[in-house]
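What follows is each chain in one-letter form.
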Amino acid sequence: MKLTNEELEILAILEENHRQSVKSIAMQVQLSEDKVAELIKKLEDENIIVSYPALIDWSKVDGKENVVAMIDVKVTPKRGVGFDEVAEKIYRFPEVTSLYLMSGAYDLSVTVEGKTMKEIAMFVSDKLSTVENVISTTTHFMLKKYKHDGVIIEGKEDQDRRMVVAP
Amino acid sequence: MIDYNQFLATQAVELKPSGIRRFFDVASKMENVISLGVGEPDFVTPWAIRDMAIASIEDGFTSYTANPGLLELREEIANYMERSYHLSYQPENQIIVTIGASQALDTAFRALLNPGEEVLIIEPAFVSYAALVTMAGGKPIPVSTWAENGFKVTAEQIEKAITPRTKAILLCSPNNPTGAFLNKHDLSAIAEVVKKHNLIVVSDEIYAELTYDEEYYSIATLPGMYERTIVINGFSKAFAMTGWRLGYVCAPQPIIEVMLKIHQYTTMCAPHMLQHGAIEALRNGADQVEEMRKSYRRRRNYIVEALNQIGLNCHLPGGAFYVFPSIQNTGLTSEQFAEQLLMKERVAVVPGNAFGESGEGYIRCSYATSLQQLQEAIRRIEKFLQSLGANPKVCEHQASL
Ligand SMILES: Cc1ncc(COP(=O)(O)O)c(C=O)c1O
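Treat the numbers as computed from the prediction; the structure is a model and nothing was measured.

So, how was this worked out
- Residues numbered from 1 in each chain as written.
- Chains lettered and ligands numbered in written order.
- Predicted model: local features only at pLDDT ≥ 70, side-chain atom pairs only at ≥ 80, totals over all residues.
- Heavy atoms only, no water.
- Core = buried A, V, L, I, M, F, W, Y, C linked by side-chain atoms within 4.5 Å.
- Buried < 20%, exposed > 50% of the residue type's maximum accessible area, 1.4 Å probe, protein only.
- Domains from an automatic or database assignment.
- Contact = heavy atoms within 4.5 Å.
- Helix = DSSP H or I, 4+ residues; strand = E, 2+ residues; numbered from the N terminus.
- Arc of directions from axis to C-beta.
- Pairing = 2+ DSSP bridges.
- Buried area = accessible area lost by both parts, 1.4 Å probe.
- Salt bridge = Lys/Arg side-chain N within 4 Å of Asp/Glu carboxyl O.
- Polar contact = N/O pair within 3.5 Å; in protein donor to acceptor, adjacent residues only side chain to side chain.
- Nonpolar A, V, L, I, M, F, W, Y, C, P; charged D, E, K, R; others polar.
- Phe/Tyr/Trp six-rings, centres within 6.5 Å; stacked < 30°, edge-to-face > 60°.
- Lys NZ or Arg CZ within 6 Å of the ring centre and 35° of its normal.
- Disulfide = S-S within 2.5 Å.
- Axes fitted to C-alpha atoms, helices over the stretch in contact; angles between N-to-C directions.

Residue and element names in this part refer to chain B. Membership of the largest hydrophobic core comes to 85 residues, with the highest contact counts inside it found for Leu 36, Phe 109, Ile 230, Ile 232, Ile 303 and Phe 337. Here this core gathers at least three residues from each of two domains, domain 1 (7–45 + 287–387) and domain 2 (47–284). Those residues in contact with Leu 36 that sit more than four places away from it in its chain are Val 347, Ala 348, Val 349, Arg 364, Cys 365, Ser 366, Thr 369, Leu 374, Ala 377 and Ile 381. Ile 49, Leu 87, Ala 220 and Ile 279 belong to the second-largest nonpolar core, a separate cluster that totals 32 residues.

In this section: helix α6 (residues 128–135) of chain B. Residues and elements named next belong to chain B. When we look at burial in α6, the residues that qualify are Tyr 129, Leu 132 and Val 133. The buried residues of α6 occupy one face: seen down the axis, they fall within an arc of 100°. Looking at the residues trailing α6, positive phi occurs at Gly 137, about 90°.

With that out of the way, let us pick up the pairing of strand β1 (residues 67–75) of chain A. Residues and elements named next belong to chain A. The buried count for β1 comes to seven of nine residues, which makes it a mostly enclosed element. Taken together, the seven bridges between β1 and strand β3 (residues 108–114) define a ladder with antiparallel strand orientation. Looking at the pairing, Ile 71 lines up with Val 110 of β3. The pairing of β1 with strand β4 (residues 134–141) spans seven bridges and is antiparallel. Bridge assignment links Ala 69 to a residue of β4, and that residue is Phe 141.

Chain B puts 37 residues into the contact, and the matching count from chain A is 19 residues. When the two sides are added together, the surface that chain B and chain A hide from each other amounts to roughly 2100 Å², 55% of it contributed by carbon and sulfur. When the area that chain B buries against chain A is broken down by residue, the three leading residues are Phe 24, Arg 298 and Asn 301 of chain B, summing to 27%. Counting across the interface, chain B meets chain A through one salt bridge. Run the count over chain B and chain A and you get 14 residue pairs in polar contact (both at pLDDT 80 or more). The set of elements that each furnish at least two residues to the side of chain B that touches chain A consists of α2 (19–27), α11 (286–310) and α13 (371–390) of chain B. When residues of the side of chain B that touches chain A are assigned to their parent elements, the largest contribution, nine residues, is made by α11 of chain B. Residue composition of the side of chain B that touches chain A, grouped by class: 18 nonpolar, 10 polar and nine charged.

Moving on to the packing of aromatic side chains. In total, this model carries 19 aromatic pairs over all chains according to the counting rule given. Members of the aromatic cluster, each reached through a chain of ring pairs, are Phe 43, Tyr 207, Tyr 296, Phe 321 and Tyr 322 of chain B. Note that Lys 64 of chain A overlies the ring of Trp 58 of chain A, its terminal NZ or CZ placed 5.6 Å from the centroid.

We now examine the state of the cysteines. Counted under the stated rule, the structure contains zero disulfides over all chains. The thiol sulfur of Cys 314 of chain B is not disulfide-bonded, and the nearest other cysteine sulfur, from Cys 365 of chain B, lies at 7.5 Å.

When the parts of a complex come together, some accessible area is lost, and that lost area is often taken as the interface size. Residues and elements named next belong to chain B. Here chain B is partitioned into domain 1 (7–45 + 287–387) and domain 2 (47–284). A straight line from the C-alpha centre of domain 1 to that of domain 2 covers 24 Å. In this assembly, 35 residues from domain 1 lie in contact with 38 residues from domain 2. Here domain 1 packs against domain 2, burying approximately 3000 Å² in sum over the two surfaces, 60% of which is carbon and sulfur. Its largest share of buried area at the contact with domain 2, domain 1 owes to Thr 45, Phe 355 and Ser 358, together 22% of the area lost on that side. Along the contact surface separating domain 1 from domain 2 lie two salt bridges.

All names here are of chain B. A sheet is described by the order of its strands in space; here seven strands give the open sequence β2-β8-β7-β6-β5-β3-β4, paired in mixed fashion. Among the strands making up the open sheet, the edge pair consists of β2 (95–98) and β4 (139–144). On average, adjacent strands in this sheet sit at an angle of 20° to one another, irrespective of strand direction. Two strands pair when backbone bridges link them, and strand β7 (residues 229–234) and strand β8 (residues 247–250) are joined in this way by four bridges, in the antiparallel orientation. What sits directly across from Asn 233, in β8, is Tyr 248. Helix α5 (residues 100–112) contacts β2, β3 (118–123), β5 (166–172), β6 (200–204), β7 and β8 of the sheet and is inclined by roughly 160° relative to β7.

Take a look at the structure:
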């Protein structure tokens, strides 16, 4: 779908921070609030804006620390539906937070979140590897998140090092 | 006690201290200040550029370079000038890499001016200009511009200020502090006057990449102007590299030849390892420059609209990252306004008169700060304006400055 410059601007603004008023966005793109609201609605209806999640660092919250694993999955594609049917079976599990079809040594990249390593190990052995047409799985536990979806979790550069007043 | 003035050069002693400096001293000691007073990008230099400079230190590029800078960098500058502004310069003898645009300006005036020769400076202007001309033995002649015309200078205003001693005109578009942008049409009219009176233009194009509505146009591209224009640019603003202190100057070969002598005696060369970062900036930095430009543009739109809404009249500037709203309806002078705003609401702005007399009645706000900060600053300024509503001329904190 071809978008106008204004629509692209609105997407860039929302991608950086969606927690701002329509008014604030309207001021940045030199359009009326009504027009901006209409464009955002359109982008939502087209599923170009899919959702507005917040990036939360759960590791900072007591009792909410969780374990994340990225699992490489090899599957036998099924005639007629390719990988889609297997993918669908996998992404329905609520433990699965993302799922991508990949080129290269394996087929599906599955991200799974759980409370403990044991919980994830159970998920892999009981649920994932028993899905029809799954040939093998390789599980990598994530040790630390440095950057997620373009956002540096704890950057050294967040601090403003400039002088207060400069020419 | 020794009277040190007996040792110091009268001209240097008599230089006017920068109006910004004084403000800095006060604001930097306060807490919880939102600063709209910063004349530099809020981005950190893109990582690839920093990485290249780090690698060049690791690889031992710690020697001097050729006086005008690494040939490889001058070649990239030549490519960039051609690609972005349709200007051809020979890397071998028409380009010098300098310590910021600042040194390029200084060297240009020293190369151009005989004692007493005049340079027209379009005000409000960057704080260094007049001092640089004075230190080079010249005489700065202010040409005031006004909000009614979007702070653009006209050919007529320039022509009126020309005397037999006028040597050069210093142009800066987009402008610091007003953000005023001169388009091709504006520049063409000025170019005619320049040619008619046989003058030289020093064109400070440091904000050229930060142009938001119209295509950037260098006055050097106009017919007959290449021969009489010294183009000055740098990495500070476009690539968020202010602390690197790297700039450059491009000009006709006979001018560069003389400038190079001065440059060679005063600085030898720009720092070697940092020049490698600059090469990376010009080769691969364009996308990031574009991202930053878009980000500034959004913030410009926001702050202009917001200032007008809360009652400070403000034109939409065509470039740079400054807005220059009028504060005349408050009844305060620029300095009173800036001082009271800082004391009461902890927002730092720069009084317009720091940039020349015609800046009186205005303040400079830099929008090179996050949107959240801008929104908070607007909230505080609005509160400040409301507090003035009752008794705008009271200036209770003035004594403390
Ligand atoms: C108009 C103008 N020219 C030149 C400079 C100096 O730039 P540099 O960092 O390249 O010395 C500045 C910096 O604020 C400026 O605003």
